[in-house]
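Understanding the architecture of this molecule
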Amino acid sequence: QVQLVESGGDLVQPGGSLRLSCAASGTIFSIATMGWYRQAPRKQRELVATITSGGSTNYADSVQGRFIISRDNAKNTVFLQMNSLKPEDTAIYYCKADLRVGFGIPPTSIWGQGTQVTVSS
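First things first, this report covers the structure right here in the doc. (Residues numbered from 1 in each chain as written. Predicted model: local features only at pLDDT ≥ 70, side-chain atom pairs only at ≥ 80, totals over all residues. Heavy atoms only, no water.)

1. Some thoughts on the state of the cysteines
A covalent bond bridging the sulfur atoms of two cysteines is what the word disulfide describes. Enumeration over the complete set of coordinates arrives at one disulfide. Bridging Cys 22 to Cys 95, the disulfide has an S-S length of 2.1 Å. One disulfide, between Cys 22 and Cys 95, carries an S-S torsion of -80° and so falls in the left-handed class. In this pair, Cys 22 is assigned in strand E3 (residues 18-25) and Cys 95 in strand E9 (residues 91-100), connecting sequence segments 73 residues apart. Across the pair, Cys 95 and Cys 22 agree in class, each one buried. (Disulfide = S-S within 2.5 Å. Helix = DSSP H or I, 4+ residues; strand = E, 2+ residues; numbered from the N terminus. Buried < 20%, exposed > 50% of the residue type's maximum accessible area, 1.4 Å probe, protein only.)

In structure tokens, the structure reads:
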């Protein structure tokens, strides 16, 4: 069984930085896109950033220029470097991976359990 485990969430002051990590474990044949999403209280979950296995990235306009997504394919891990954090970045951050567990098996999407990021003075 595949699972994603996020880490790195914390309380940080406005203008500060955090680095989130998400590691996939279990029987994995390949991982296509990995990404970060977030959900603030009383709001819908929204895309933050995604990265393909080839390194192509996509960012939400609200984080463009402040956040950087990267991945280590050998370790099935994705990172999110968050800089110049703002109070509106406060949310639970979720990791998502689109992967295959075997050759010829259709891809499936797996979500992590989430990690809390709070930006406050």
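2. Structural notes on the nonpolar core
If you look at the biggest cluster of nonpolar residues, it comprises 31 residues, and the most contacted ones within it are Trp 36, Leu 80, Met 82 and Tyr 93. For this core, the secondary structure elements donating two or more residues are E3, strand E4 (30-39), strand E5 (46-51), strand E7 (67-72), strand E8 (77-82), E9 and strand E11 (115-119). Residue contributions to this core peak at five residues, all from E9. With near-sequence residues (within four places) excluded, Leu 80 lies in contact with Leu 18, Arg 19, Leu 20, Trp 36, Val 48, Ala 49, Phe 67, Ile 68, Ile 69 and Tyr 93. (Core = buried A, V, L, I, M, F, W, Y, C linked by side-chain atoms within 4.5 Å. Contact = heavy atoms within 4.5 Å.)

3. Thoughts on the sheet that holds E8
Pairing in this open sheet of four strands is antiparallel, and the strands run E1-E3-E8-E7 from one edge to the other. What marks the edges here is a single partner per strand, and that holds for strand E1 (3-7) and E7. The mean inter-strand angle of the sheet, taken between neighbouring strand axes irrespective of direction, is 15°. Summarising the sheet, E7 and E8 pair through six bridges and their orientation is antiparallel. Looking at the pairing, Ser 70 lines up with Phe 79 of E8. (Pairing = 2+ DSSP bridges. Axes fitted to C-alpha atoms, helices over the stretch in contact; angles between N-to-C directions.)

4. Concerning the packing of aromatic side chains
By convention here, two paired aromatic rings are described through the distance between centres and the angle between planes. In total, this model carries two aromatic pairs according to the counting rule given. Centre to centre, the rings of Phe 29 and Phe 103 are 6.1 Å apart; their planes meet at 70°, and the pair counts as edge-to-face. Of the two residues, Phe 29 sits in the loop between E3 and E4 while Phe 103 sits in the loop between E9 and strand E10 (108-111), which places them 74 residues apart along the sequence. Residue classification places Phe 103 among the exposed positions, given a relative accessible area of 74%. Cation over ring: Arg 45 sits above Tyr 94, and NZ or CZ is 3.7 Å from the ring centre. The cationic tip of Arg 45 hangs over the ring face of Trp 111; the distance from NZ or CZ to the ring centre is 4.6 Å. (Phe/Tyr/Trp six-rings, centres within 6.5 Å; stacked < 30°, edge-to-face > 60°. Lys NZ or Arg CZ within 6 Å of the ring centre and 35° of its normal.)

5. With respect to the pattern of salt bridges
Applying the stated criterion to the full structure yields four salt bridges. Residues Asp 89 and Arg 38 are paired through a salt bridge, measuring 2.9 Å at the closest nitrogen-oxygen approach. Of this pair, Asp 89 sits in the loop between E8 and E9 while Arg 38 sits in strand E4; the two residues are 51 residues apart in sequence, bridging distant segments of the chain. For the pair Asp 89 and Arg 38, one class covers both residues: buried. Its salt-bridge partner being Asp 89, residue Arg 66 comes within 2.8 Å of it at the nearest N-O pair. With Arg 66 in the loop between strand E6 (57-59) and E7 and Asp 89 in the loop between E8 and E9, the pair connects residues that are 23 residues apart, well separated along the chain. On the basis of relative accessible area, Arg 66 is assigned to the buried category, the value being 10%. (Salt bridge = Lys/Arg side-chain N within 4 Å of Asp/Glu carboxyl O.)

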